[in-house]
Amino acid sequence: MAAIQLKNLHKRYESIDVMHQVNIDIEDGEFVALVGPSGCGKSTLLRLISGLEDITSGEILFDGKVVNRLSPAEREIAMVFQSYALYPHMTVKKNLSFGLENLNMDRAIIEERIQKAAKLLDLLPYMDRKPRALSGGQRQRVAIGRAIVRNPKVFLFDEPLSNLDAKLRVQTRGEITKLHKKLNTTMIYVTHDQVEAMTMAEKIVVVNAGRIEQVGKPLDLFERPANRFVAEFIGSPKMNIFQAGITKVSDNGIEVTSKSIGEFSIPVISKTAKIGDSVTLGVRPSHIEIAESGIPLEITQLECMGHETFIYGSIQGEKEDLVAHLPHHFDAEIGDTIFLRFTSQFMHVFCDKTDQAFKRIEV
Amino acid sequence: MLKFLTRTRRPGKMDITDILSWLWLTLGTAVIAIPIAWAMLSSLKTQAEVNSFPPSLIPQSTVSTQVEGYDKDLSVWEWTQASGETKKVALVRRIGIKATVLDMEKPEKTFQVPISEITQLKDVHFQWSNYTDPLERFDFFTYIKNTVFVTVVATILTLLLNSMAAFALSKYKFRGKNAIFMLILSTLMLPLSVIMVPAFIVIVGLNLADNLWGVIFATVATPTGVFMLRQYMLTIPDDLIEAARVDAASEFRIYWRIVLPLCAPALAVLAIFSVIWRWNDFLWPLIVLSSPENYTLQIGLNAFQGQFSVEWHYILAMTVIALLPVTIVFLVLQKYITEGVAGSGVK
Amino acid sequence: MKNLSAFLFSILDKFMRLVELPTVYVQKKIGVQRMGYLFVAPNMVLFSLFVFLPVGLAIAYAFTGGTNMLIWDRPFIGLENFSRLLNCGSYMDPASCEFDLFWTAVHNTWWYTLLNATGTLVMALITAVVLNRLSKGKALFRSIFFYPVLLSPVVVGLIWKWFLARDGLLNALVLDLGGERTIFLLEVWWSRFWVVYVSIWFHMGFFTLIILAGLQAIPRDIYEAAKVDGTSEWRQFWRITLPLLTPNLLVVAVLLLIRSVQVFDEAWVLTDGGGPGTANTFIVQFIYQTAFSSEIRLYGLASAASVLMGLALLALTLIQVWLAKKAEY
């Protein structure tokens, strides 16, 4: 087990910078998810941590020791690949034992370890099969088993669920979480699926274009996104966005006005705010209520799930459709006009110049 | 058979094109098969029969028999009597147009018959000693031993060295990789005949002249092999190699335990080709090897046919020995060979 | 049996673990990616020794004279080797040249190349087209036609030498048909004919296979469309097959030229070293004899001839690469 620190990590491929000054602290035993859109550099970051790729500058520390020059094996990491990367010419048993044999471990210990892992992952009936004779889920378990047997200090997962069907994905998600609870080993998990990250991780690192946008607990990211990118990336359906301008600044917050949805006074730290600055307002779909009067919305699409309802519609003066999420059933028809109310303490304000959020005044 | 041969795209209808293509195939098969079959049949004939003209189709020899009271075996003839009856007789001696014979059923008494009434009896007979004699009396056993040595060692080295180079060129990033690959590719079309003189001088410089290792070393680094294996290795996912790195395997072990086994199909094709190439090599061993105890089969056979150009019964038998391994390999693996050639354009 | 192979494998594995030790040390020193140098090294050493170095040496030797083997003992004589090789009254008449054998070889090679390339191309094309028509038995006939390719030049030379011998099968057939017994390989024109014939017999299968692959790459539906239009099979061949195959055929043709120029092995065995006289002496044989089997070994002259042939082949190769590139589009 190991605590991991990344200090000013920088990576350059043939004069193109792909990772910029990355700093992350990962505690011993923590389950960390690296999320971001595809091509954002999260897999590169994982490969830098694993030692499969050399860093250009900066430091990687495992338990306070610099491991920059160490090979993956010397860092004692184990990795589960997106393609599983099982050795096709070896049986399940050989796949599990290969890494241990490379360490010149005693035969008896190898046998004991793979038996234990196979039992844990329900692989005992398939030990003599080759990977091509296994189902997707079974292959996935072998890949995880290959990581477990080595008793690594850190588990690295590179989008391990993206090749599974939806049902199996949910199930495996639970299994990996359970595994983490049981082994209590540091795990770093790369995914482009924010739902996976939100449900599994203790800490989420949002990566975008080779930079870290925000690091925090899942709920923190949802409730207090540091910038517009995180706000829009975390949460499903996406946050609704409106253009507005600052009309008043006081110690208790700022007042903003939008042409389409009106005036709001929002309790945020106002130090950097100036009257006249243009800002972006963000409202999560679940923070929208139906009211007798307020902002009129013409419904263009309705998704009634019984216990919850998604309403899509257009507001006059806004190009993009708005989404509202109600935690109950709602009777309406397409074409109806309803009225919405936004609660100002749940609204997010982002400075248009920096895309950073104004910090909320915590009560 | 005829039905099979004449089967065409449109069953039941034979037009002029079908007949012509059927004719082409039959004629072609005959042209290819007859000289080879003729050499094979002749290789089993006795020396006397090999040298007789017009030749007989099937290997035969005269029939002879032991008769009490005669030291030597007597040859058996068929006597067609004036009545039309035939009888087997043994020839004792011949004087002019008369032959002294004895009846095989009553060997005590000899009598004379005109030569025109008797014909010699012949039997199907395979002269296997054509194959064994050269091995015992001449150096052919050594030639075969040398050829097997060269073929086996060169093939193993070809597989190892070319797969290592292909591994480097397909799975690593290092400065000069593309330059090296282009350099190797550019030699794909460079024939031995252009560089044979200086290549021999290099061999002399390495003190490998008249040495089987000189034959081997110059042939193992083949651009064809590197190219073929590299193309195959490009299809092996890089993830597998990285997984092995995470699994604490050294780069050499990755080559040995992961990459080589996964390349087995491509290696098999290269192995087949290498065996055929090395077994058949002629010009290069001809230049390098100078003393008979180092000759390979091809060189030895060529030297033998120059020196003993009348001993066709031996020459042909050894020719058959020289074509046999390749033929067996082809019969067993023809699908891989023809597909390998069509796929990569190598020979 | 299974135990034995397991035992052998374990020994091999132990051996490879020993080999692995130094490589692990190197890997530590130079890093993972640079291990590529180590893997490519053995091959490059052999390539350098037996290909790159000889190419350089061939050029160097071509400009030196004398009979010494070591390059530093040989006097530099500039273009003398070339000018002597090319010193001719008339290039059409080898007898007027200083090295008449070289020019005889050039003439012989020229005619051989022309006839052999044309003959092989036509025969291989016909065979490939015929094979491609077959619905069943294609693999069988493909194998039959390919088989001679796998034989060694010595074997091919001897088989045919026997077939064409004075007491050979062909003479028996000729006599049977009322012809005259001929010693084919001792008559100038007959021997030349048979050298070309045997070459075609030997190598045709290889080119058949390549052309067949090209034929099979032509989409079936083109033919089906033609069939719907009622196009006859002959017309299909001239109007569809041949035009679509032309790029392929050009590449094959140049490849054939390249191979033909290097004629040596089977012709040498068949004709007992280029006979009768010099009727079948080709350039490679000239180089071989000049460098290896003459009393005075003229490495410089042989190298100069090699360089000349190499340049001709290089030109052909460049044409081939260019054609192959064009055929891809």
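Residues numbered from 1 in each chain as written. Chains lettered and ligands numbered in written order. Predicted model: local features only at pLDDT ≥ 70, side-chain atom pairs only at ≥ 80, totals over all residues. Heavy atoms only, no water.

What about the overall build of chain A?
Inference 1: A tally of helices and strands in chain A yields nine helices and 20 strands.
Inference 2: By residue count, 49% of the 363 residues in chain A fall in the buried class.
Inference 3: Once local pairs closer than 6 in sequence are excluded, the contacts in chain A between residues at least 24 apart make up 64%.
Inference 4: Here chain A displays about 17400 Å² of accessible surface, and carbon together with sulfur accounts for 49% of that area.
Inference 5: Averaging the coordinates of the 44 positive side-chain charges in chain A and doing the same for the 47 negative ones gives two points 8 Å apart. (Helix = DSSP H or I, 4+ residues; strand = E, 2+ residues; numbered from the N terminus. Buried < 20%, exposed > 50% of the residue type's maximum accessible area, 1.4 Å probe, protein only. Contact = heavy atoms within 4.5 Å. Areas by Shrake-Rupley, 256 points an atom, 1.4 Å probe, with all protein chains shown as cover. Lys, Arg positive; Asp, Glu negative; His and termini not counted. Charge placed at Lys NZ, Arg CZ, Asp CG, Glu CD.)

Looking at the sheet that holds strand 13 (residues 262-266) of chain A
All names here are of chain A.
Inference 1: With antiparallel pairing, the five strands of this open sheet are ordered in space as 13-12-11-14-20. Across the chains shown, the open sheet's two edge strands, defined by having one partner strand only, are strand 13 and strand 20 (348-351). Each neighbouring strand pair of the sheet contributes to a mean axis angle of 40 degrees, computed without reference to strand direction.
Inference 2: Strand direction decides the pairing type here: strand 12 (residues 253-258) and strand 13, joined by five bridges, are antiparallel. Each bridged residue has a counterpart across the sheet, and for Ser258 the counterpart in strand 13 is Gly262. (Pairing = 2+ DSSP bridges. Axes fitted to C-alpha atoms, helices over the stretch in contact; angles between N-to-C directions.)

Here we look at the domain arrangement of chain A
Residue and element names in this part refer to chain A.
Inference 1: Under the domain assignment used here, chain A contains domain 1 (4-232) and domain 2 (237-351).
Inference 2: Summarising the inter-unit geometry, the C-alpha centres of domain 1 and domain 2 are found 38 Å apart.
Inference 3: With eight residues of domain 1 at the contact, the number on the domain 2 side is seven residues.
Inference 4: Carbon and sulfur atoms make up 60% of the surface buried where domain 1 meets domain 2, a total of about 730 Å² over both sides.
Inference 5: Taken as a group, Phe222, Arg228 and Glu232 account for 67% of the area that domain 1 buries against domain 2, more than any other trio of residues on that side.
Inference 6: There are one salt bridge connecting domain 1 and domain 2.
Inference 7: Among the ionic pairs, Glu232 bridges to Lys238, the shortest N-O distance being 3.3 Å.
Inference 8: Where domain 1 packs against domain 2, one counts three residue pairs in polar contact (both at pLDDT 80 or more).
Inference 9: Elements with a contribution of two residues or more to the side of domain 1 that touches domain 2: helix 8 (218-223) and helix 9 (228-233). (Domains from an automatic or database assignment. Buried area = accessible area lost by both parts, 1.4 Å probe. Salt bridge = Lys/Arg side-chain N within 4 Å of Asp/Glu carboxyl O. Polar contact = N/O pair within 3.5 Å; in protein donor to acceptor, adjacent residues only side chain to side chain.)

Quick word on helix 10 (residues 233-261) of chain C
Inference 1: Taking 1.5 Å per residue, 29 residues should reach 42 Å; helix 10 of chain C reaches only 36 Å between its end C-alpha atoms and comes up short.
Inference 2: Of all the bends in helix 10 of chain C, the greatest, near 55 degrees, is centred on Thr246 of chain C, and the proline Pro247 of chain C appears no more than four residues after it. (Expected span 1.5 Å × (residues − 1). Bend = angle between axes of the 7 residues up to and from the residue.)

Quick word on the side chain of Asp281 of chain B
Residues and elements named next belong to chain B.
Inference 1: Tracing the backbone through its elements, the reader meets Asp281 in the loop between helix 12 (264-280) and helix 13 (283-288).
Inference 2: Classification of Asp281 as buried rests on a relative accessible area of 19%.
Inference 3: One polar contact links Asp281 to Arg278, side chain to side chain, over a distance of 2.9 Å.
Inference 4: Not counting residues up to four positions away in its chain, the partners in contact with Asp281 are Thr219 and Gln298.

Details of the interface of chain C and chain B
How big an interface is tends to be reported as the loss of accessible area on association of its parts.
Inference 1: If you look at the interface, chain C gives 107 residues, while chain B gives 100 residues.
Inference 2: Surface buried jointly by chain C and chain B totals about 9600 Å² across both partners, of which 75% is contributed by carbon and sulfur atoms.
Inference 3: Here chain C is connected to chain B by two salt bridges.
Inference 4: Here Arg253 of chain B and Glu20 of chain C are joined by a salt bridge, their closest N and O atoms 2.6 Å apart.
Inference 5: The interface formed by chain C and chain B holds 19 residue pairs in polar contact (both at pLDDT 80 or more) in total.

A short note on a nonpolar patch on the surface
Inference 1: On the surface, Ile16, Leu20 and Leu23 of chain B together with Trp234 and Trp238 of chain C cluster together into a nonpolar patch covering about 570 Å² of accessible area.
Inference 2: Only helix 2 (16-42) of chain B together with helix 10 of chain C provide two or more residues apiece to the nonpolar patch.
Inference 3: At three residues, helix 2 of chain B tops the list of elements feeding residues into the nonpolar patch.
Inference 4: Within the secondary structure layout, Leu23 of chain B lies in helix 2. (Patch = residues over 30% accessible without salt bridge, like charges linked within 9 Å, V, L, I, M, F, W, Y side chains within 5 Å.)

With respect to the side chain of Glu251 of chain B
Inference 1: For Glu251 of chain B, the location among the structural elements is in helix 11 (residues 251-262).
Inference 2: We classify Glu251 of chain B as buried; its relative accessible area is 0%.
Inference 3: At 2.9 Å, the side chain of Glu251 of chain B and the side chain of Arg245 of chain B are in polar contact.
Inference 4: When neighbours within four sequence positions are excluded, Glu251 of chain B is seen to be in contact with Phe167, Tyr172 and Arg245 of chain B together with Gln27, Val32, Met35 and Phe39 of chain C.

A short note on the interface of chain A and chain B
Inference 1: Listed per partner, the contact involves 24 residues of chain A and 16 residues of chain B.
Inference 2: Buried surface at the junction of chain A and chain B, both sides included, amounts to about 1700 Å², of which 59% is carbon and sulfur.
Inference 3: Contact with chain B buries surface across chain A, with Tyr87, His89 and Asn102 of chain A losing the most and accounting together for 28% of the total.
Inference 4: The shortest N-O distance in the salt bridge between Arg150 of chain A and Asp247 of chain B comes to 3.6 Å.
Inference 5: Between chain A and chain B we count nine residue pairs in polar contact (both at pLDDT 80 or more) in total.
Inference 6: Looking at the side of chain A that touches chain B, the elements with two or more residues in it are helix 2 (72-75), strand 6 (77-80) and helix 3 (92-102) of chain A.
Inference 7: Counting residues per element, the side of chain A that touches chain B draws most heavily on helix 3 of chain A, at five residues.
Inference 8: Of the residues belonging to the side of chain A that touches chain B, the class tally is 14 nonpolar, four polar and six charged. (Nonpolar A, V, L, I, M, F, W, Y, C, P; charged D, E, K, R; others polar.)

Considering the pairing of strand 5 (residues 98-103) of chain B
Residue and element names in this part refer to chain B.
Inference 1: The buried count for strand 5 comes to five of six residues, which makes it a mostly enclosed element.
Inference 2: Relative to strand 5, strand 4 (residues 86-95) runs antiparallel, the two being bridged by six bridges. Counted as the bridge partner of Arg93 is Thr100 from strand 5.
Inference 3: What sits between the antiparallel neighbours strand 4 and strand 5 is a turn of two residues, in which Gly96 has the positive phi angle 55 degrees.
Inference 4: Relative to strand 6 (residues 110-114), strand 5 runs antiparallel, the two being bridged by five bridges. What sits directly across from Leu102, in strand 6, is Thr110.
Inference 5: The hairpin formed by strand 5 and strand 6 contains six residues between the paired strands.

Overview of the packing of aromatic side chains
Inference 1: One pass over the full model with this rule turns up 55 aromatic pairs over all chains.
Inference 2: Summarising the aromatic geometry, the rings of Phe167 of chain B and Tyr172 of chain B are spaced 5.1 Å apart at their centres and angled 75 degrees between planes, so their arrangement reads as edge-to-face. Side by side, Phe167 of chain B and Tyr172 of chain B carry an identical accessibility label, which is buried.
Inference 3: Here a set of aromatic residues connected by ring pairs shows up, and it is made of Trp160, Phe163, Phe184, Trp190, Phe193, Trp194, Tyr197 and Trp201 of chain C.
Inference 4: Over the ring of Tyr87 of chain A we find Arg146 of chain A, and its NZ or CZ is 4.7 Å from the ring centre.
Inference 5: Taking NZ or CZ as reference, Arg230 of chain B lies 3.9 Å from the ring centre of Phe181 of chain B, over its face. (Phe/Tyr/Trp six-rings, centres within 6.5 Å; stacked < 30°, edge-to-face > 60°. Lys NZ or Arg CZ within 6 Å of the ring centre and 35° of its normal.)

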